[in-house]
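Okay, here's what each chain looks like letter by letter:
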Amino acid sequence: EVKDVLRTEQLTLISPEEYVVVYEVTLALCALSLSLNLCCLLVCTVQFLFSVKLAKSGPHNTDNQYLEKSSATRVCAIGGLFVSIPIFLTGIFLYTFIQFHSTPAIVTSSLIGVGIVFCGCAMVHNVFVWQREKTNAVRARISQQKPVAAELSTLV
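This one's a predicted model, so the numbers in the text were calculated from it and none came from an experiment. (Residues numbered from 1 in each chain as written. Predicted model: local features only at pLDDT ≥ 70, side-chain atom pairs only at ≥ 80, totals over all residues. Heavy atoms only, no water.)

### Side note on the overall build of the chain
Step number 1: Looking only at helices and strands, the chain features six helices and zero strands.
Step number 2: Ordered by position from the N terminus, the helices and strands of the chain form the series α-α-α-α-α-α.
Step number 3: Of the roughly 11,900 Å² of accessible surface on the chain, 72% is carried by carbon and sulfur atoms. (Helix = DSSP H or I, 4+ residues; strand = E, 2+ residues; numbered from the N terminus. Areas by Shrake-Rupley, 256 points an atom, 1.4 Å probe, with all protein chains shown as cover.)

### Side note on the environment of Ala77
Step number 1: Relative to the helices and strands, Ala77 resides in helix 4 (residues 71-98).
Step number 2: For the pair formed by Ala77 and Cys39, sequence separation is 38 residues and the distance between their alpha carbons is 6.3 Å.
Step number 3: Among all residues touching Ala77, those that are not within four sequence positions of it are Cys39, Cys40 and Val43. (Contact = heavy atoms within 4.5 Å.)

### Here's the deal with the packing of helix 4 against helix 5 (residues 103-144)
Step number 1: Look at helix 4 against helix 5: their axes get within 9 Å of each other, and the N-to-C directions meet at 150°. In terms of orientation, helix 4 and helix 5 fall into the roughly antiparallel class. For the crossing formed where helix 4 meets helix 5, the hand is left-handed. Side by side, helix 4 and helix 5 meet where Leu89, Ile92 and Thr96 of the first sit next to Ala105, Thr108, Ser109, Ile112 and Ile116 of the second.
Step number 2: Residue composition of the contact of helix 4 with helix 5, by class: five nonpolar, three polar and no charged. (Axes fitted to C-alpha atoms, helices over the stretch in contact; angles between N-to-C directions. Parallel < 35°, antiparallel > 145°, perpendicular 65-115°, else oblique. Left-handed = near helix turned anticlockwise from the far one by under 90°. Nonpolar A, V, L, I, M, F, W, Y, C, P; charged D, E, K, R; others polar.)

These values are about where atoms sit, not about what they do.
Okay, structure coming up:
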């Protein structure tokens, strides 16, 4: 009885026609995300297998040439993978919106929000650590180099 009341309240927020449209958009976004992920998997797997075969075929440097010439498709495929993540999250968010009357949908949308915040914090942390290590490496390289004037003075 409570579920029926919640469902009727849900339908007053969004009409049945809008519900169908949002549901179809959700399915389309998830299908697009799946297609982009499969494309990335296929392209990267094929390029990996071909480069391994070229590396085993002989000492000539054709595997590097193959990887350089095929980098455009690899970049597109990996770009598609990164684009598919927000597309998938948008689809999941829309699906949980139309199912928001159920407790699992509320928990799912909360977990998605926490996951997005966590991913953002992790990315900022990784960029910070990478930049710090890069700066330390440059400083170490500079401190290991001797001044040019000192080398010239020993030659005279």
